[in-house]
Amino acid sequence: MIGRLLVANRGEIARRVFRTCRGLGIATVAVHSDADARALHVREADAAVRLPGNAPADTYLRADLLVAAALAAGADAVHPGYGFLSESAEFARAVQDAGLVWIGPRPDAVAAMGSKTRAKELMSDAGVPVFGALDPARVGAGDLPLLVKAAAGGGGRGMRIVRELDRLPEELAAAAQEARSAFGDGEVFLEPYAEGARHVEVQVLADTHGTVWVLGERDCSLQRRHQKVIEEAPAPALPQEVRTALHAAAERAARSIGYTGAGTVEFLVARDGRPYFLEMNTRLQVEHPVTECVTGLDLVAWQIRVAEGAALPPNPPQPRGHAVEARLYAEDPAHGWQPQPGLLHLLELPGVDAEFAVPPGRDAGLRLDAGVTGGDTIGVHYDPMLAKVVAWAPTRAEAVRRLAHALERARLHGPRTNRDLLVRTLRHPEFTAARLDTAFLARHGAELGVGQPADPAAPAGGLAGSSTEASGGQAAGAPAGGSQASGAQAAGAPAGGSQASGLQAGGGNGAGTGSGPNDRVALAALVAALADAAARTAAGTTAAGPGAAGPWAGGGAGAGVAVRLGGWRNVPSQPQLKRFRADGSGTVHEVRYRLTREGLTAPDFAGVALVSAAPGRVVLDVAGVRQAFEVAAYAERVFVDSPFVCTSLTALPRFTEPGEHSAPGSLRAPMPGTVVRIGEFSPGDRVQAGSPLLWLEAMKMEHVVAAPAAGTLTELTAEVGRQVELGAVLAVVKEETGP
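Values in this document were obtained by computation on a predicted structure and should not be read as measured data.

Asker: Would you mind going over the overall build of the chain with me for this structure?
Answerer: Within the chain, the regular secondary structure consists of 16 helices and 41 strands. Considering the chain as a whole, with its 739 residues, one finds that 57% of them fall into the buried category. Of all intrachain contacts in the chain linking residues separated by at least 6 positions in sequence, the fraction that spans at least 24 positions is 64%.

Shown next as structure tokens:
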């Protein structure tokens, strides 16, 4: 029996395995890079071993260090998690050669499926339909579109869609580099890209006694950058004959290589319903919780039992109900999915029934599998996933509704996330009707708030990127500098030129009625201003004396609030003025209000009355409806949460600070990261608009920095291997001004 287990991984999957180990009475060992020294999975483990360095190639991809860590900590088993070395036959052999138990299939089965090219040959021989690999040197225009894929690993890394033949060499090189960084193996291959196909996978579980369970299928079609975003089980609207064929093919695949443990056989289901084998993942999948929720199984527990020699019962449990999972990422869909590192202040979801588990006997619930918590820093070295949120219920409609409701009300204070996109997607009529395929997010991107990457030539202050607010903000897909529907300042316009924000588009005064998306963000700015006034009152920074009447919670604070902002001072007879920039849209909201003995007077918010205000909570009466808002401030950033709006704002000074100046044509880093490649250009060379100058890697994804216009490359400060901060000048392109 296993007594102590090391998880050769990090974050959420390490915590997931630890949770099962605690239930089985198994001691746990974590490993960590220097960047992860204070990570949540390290704090939860019984013991932890340092892997010196930060980059995956120096830490979590070092099989020798991982085996040494297991031996040093006295572990007798190793669980690989997913990603990193989880599908490395060499690592599995090294674990076994050290006398340790490998929680996974035999190394020869891992090797058989570890290379997708070899796996396709095996599956074709076993009678499973496959896409044929293509020779990059022989493809032509008639073969387009094409898909470049990494031969090892998964998770969307090392994948590129090619629609123009002249881009094929560049995409092959980029995919190989990304795969090498993520998996330690730069082999890639080429196959046809199936437009309009669904991504459906089948979960299998097999023991060492000849029993193979098929535990149903999952639909994983909703993807960005070939990485799954929303998954569900069972796959909706799948014809029964297709489902039966997928299950039979998955079982044949597992039996053909003598598979043991948990694994997933992935397929593309073409528009005509024909399935094609993609790959077999010889590990636990990120999305395994949806299968657990509909079967009631603990797949990690069964992985461990199978490794200990236990036999599966003859028949698997029958799936019940429906489960949907959403991956919450620290990324900005509105600016090309840019990762968003930084300090996470708070991650809180209402109504969570369980973490990393399915409570027995429950036919509905909400599950949270998180890798981080408040106080943790989201770094640039690893995947930006914060958590997986899973809802399950007797029907798909109920599960989708529960998940959207929980995400909408989540309190997420820190880096920008994809939460708003998830909520919009779950409520999109095409999604609710189960009309799904792998191009769903690309096809509906404008409606969902997906935008283009930030312009590296933009001023430093506009580089961070942002997602649109939960209740609106900039129109989806609109240019970052476009004017806002509310008539407030356009994003990127001079700060001094902002206008007072009316609540309705066109300057109407239906304040707080929720009739337009900008209403609620503007209302949140008013809430932030009132909470700030309450905080200053509590700190004794008001001009009113004790005992003055007013609407403040708890009483005793004055109605007139005098606040110093730099060298400018309000007096009680003047309206208070606070300025906030919506982090999602860039819109600047100016809030003018008075607090008198009669209550709140806010000329731009007709129909809004103040019920009570405290630094962390404001209650308003909005057109006869009482609404409560939770408020949290972290320096200049303010987060306002309620059932009606969850948004973040940045408090602005009364007067604009001078901006940072740099040479015209300066290209700045759109995110913190590492320079991994330099293009073929040198200072003095002429470049075309879109010419790739360098590549940054952040959070395990590559991001190209290209010339914004035709001109001359006058400066290139980036160096391969160099760490750069957000806004750092990487290159300068002097734009052509005439013929």
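Asker: Please clarify how the sheet that holds strand β8 (residues 188-192) should be interpreted in this entry.
Answerer: With antiparallel pairing, the three strands of this open sheet are ordered in space as β7-β6-β8. Taken across any chain shown, the strands that pair with only one partner, and hence form the sheet edges, are β7 (160-162) and β8. Ignoring strand direction, the axes of neighbouring strands in this sheet form an average angle of 25 degrees.

Asker: Any chance you could explain helix α3 (residues 63-72) here in plain terms?
Answerer: The α-helix winds at 3.6 residues per turn, so residues separated by three or four positions along the chain end up facing the same way. Along α3, the residues classified as buried are L66, V67, A69 and A70. The buried side chains of α3 occupy one side of the element, clustering within an arc of 155 degrees when seen end-on. Buried-residue contacts for α3 involve β1 (4-7), β2 (27-32), β3 (47-50), β4 (77-79) and α4 (89-97). Of the residues trailing α3, G74 is marked for its positive phi of about 75 degrees.

Asker: What is the right way to look at the packing of aromatic side chains in this model?
Answerer: Aromatic ring pairs are reported here in terms of the distance separating the ring centres and the angle at which the planes meet. One pass over the structure, following the stated rule, counts seven aromatic pairs. Judged by centre distance (5.1 Å) and plane angle (25 degrees), the rings of Y60 and F84 are stacked. Taken as a pair, Y60 in the loop between β3 and α3 and F84 in the loop between β4 and α4 lie far apart in primary sequence, 24 residues in all. In this structure, Y60 and F84 share a single accessibility class: buried. Between Y60 and Y382, the aromatic rings sit 5.6 Å apart at their centres with planes inclined by 80 degrees, giving edge-to-face as the arrangement. Taken together, the residues Y60 in the loop between β3 and α3 and Y382 in the loop between β21 (377-378) and β22 (385-393) connect sequence positions 322 residues apart. With respect to class, Y60 is no different from Y382; both count as buried. Linked through ring pairs, Y60, F84 and Y382 together constitute an aromatic cluster. Positioned above the aromatic ring of F431 is the side chain of R396, whose terminal nitrogen or guanidinium carbon lies 4.6 Å from the ring centre.

Asker: Hey, could you run me through the sheet that holds strand β12 (residues 261-269) in this one?
Answerer: Note on sheets: strands pair through backbone hydrogen bonds, and any given pair is parallel or antiparallel. Across the sheet, which stays open at both edges, the nine strands sit in the order β13-β12-β9-β10-β11-β14-β22-β20-β19 with mixed pairing between neighbours. Looking at strand neighbours, the two that pair on one side only are β13 (275-281) and β19 (354-355), the edges of this open sheet. Lying over the sheet, helix α9 (residues 288-295) contacts β9 (198-206), β10 (212-224), β11 (227-233), β14 (322-329), β20 (365-370) and β22, oriented at roughly 155 degrees with respect to β14. In this fold helix α10 (residues 299-307) packs onto β9, β10 and β12, with an angle of close to 40 degrees to the strand it touches most, β9.

Asker: Would you take a moment to explain the packing of α4 against helix α5 (residues 107-114) for this structure?
Answerer: The relative placement of two packed helices is expressed as an angle between their axes plus a distance between the axes. Here α4 crosses α5 at 170 degrees, and the two axes come no closer than 8 Å. Put simply, α4 runs roughly antiparallel to α5. Contacts between α4 and α5 pair A89, A92, R93 and Q96 from the former with P107, D108, V110 and A111 from the latter. By residue class, the composition of the contact of α4 with α5 is five nonpolar, one polar and two charged.

Asker: Help me understand the pairing of β12 in this model?
Answerer: Within a regular strand, side chains alternate between the sheet's two faces. Here β12 lies mainly inside the structure; nine of its nine residues are buried. Bridge analysis of β9 against β12 gives nine bridges, and the strand direction is antiparallel. Note on β12: the bridge partner recorded for V202 is V265. Strand direction decides the pairing type here: β12 and β13, joined by six bridges, are antiparallel.

Asker: How do you make sense of the pattern of salt bridges when you look at a structure like this?
Answerer: Two side chains bearing opposite charge may form a pair once their charged atoms approach each other closely. Counted under the stated rule, the structure contains 45 salt bridges. Between E195 and R163 there is a salt bridge, with its nearest N and O atoms 2.5 Å apart. One end of the pair, E195, is in the loop between β8 and β9; the other, R163, is in the loop between β7 and α7 (168-183), and 32 residues separate them in sequence. Overall, R163 belongs to the partly exposed group, its relative accessible area being 47%. Taken together, the salt bridges that share partners define one network made up of E201, R218, K228, E231, E266, E287 and R327.

Asker: What is the right way to read the nonpolar core from this model?
Answerer: As a rule of thumb, soluble globular proteins bury nonpolar side chains together. Among the nonpolar cores identified, the biggest contains 39 residues, and I230, L347, L403, L407, L422, L426 and F431 are the most heavily contacted of them. Among the secondary structure elements, those contributing two or more residues to this core are β11, β14, β20, β22, α11 (396-408), α12 (419-426) and α14 (440-443). In terms of residue count, α11 provides more of this core than any other element does, six residues in total. Setting aside residues up to four positions removed in sequence, L347 forms contacts with L368, V372, L386, R411 and L412. Within the second largest apolar cluster, 33 residues are counted, among which are A602, L620, V622 and V640.

The rules behind each value
- Residues numbered from 1 in each chain as written.
- Predicted model: local features only at pLDDT ≥ 70, side-chain atom pairs only at ≥ 80, totals over all residues.
- Heavy atoms only, no water.
- Helix = DSSP H or I, 4+ residues; strand = E, 2+ residues; numbered from the N terminus.
- Buried < 20%, exposed > 50% of the residue type's maximum accessible area, 1.4 Å probe, protein only.
- Contact = heavy atoms within 4.5 Å.
- Pairing = 2+ DSSP bridges.
- Axes fitted to C-alpha atoms, helices over the stretch in contact; angles between N-to-C directions.
- Arc of directions from axis to C-beta.
- Phe/Tyr/Trp six-rings, centres within 6.5 Å; stacked < 30°, edge-to-face > 60°.
- Lys NZ or Arg CZ within 6 Å of the ring centre and 35° of its normal.
- Parallel < 35°, antiparallel > 145°, perpendicular 65-115°, else oblique.
- Nonpolar A, V, L, I, M, F, W, Y, C, P; charged D, E, K, R; others polar.
- Salt bridge = Lys/Arg side-chain N within 4 Å of Asp/Glu carboxyl O.
- Core = buried A, V, L, I, M, F, W, Y, C linked by side-chain atoms within 4.5 Å.

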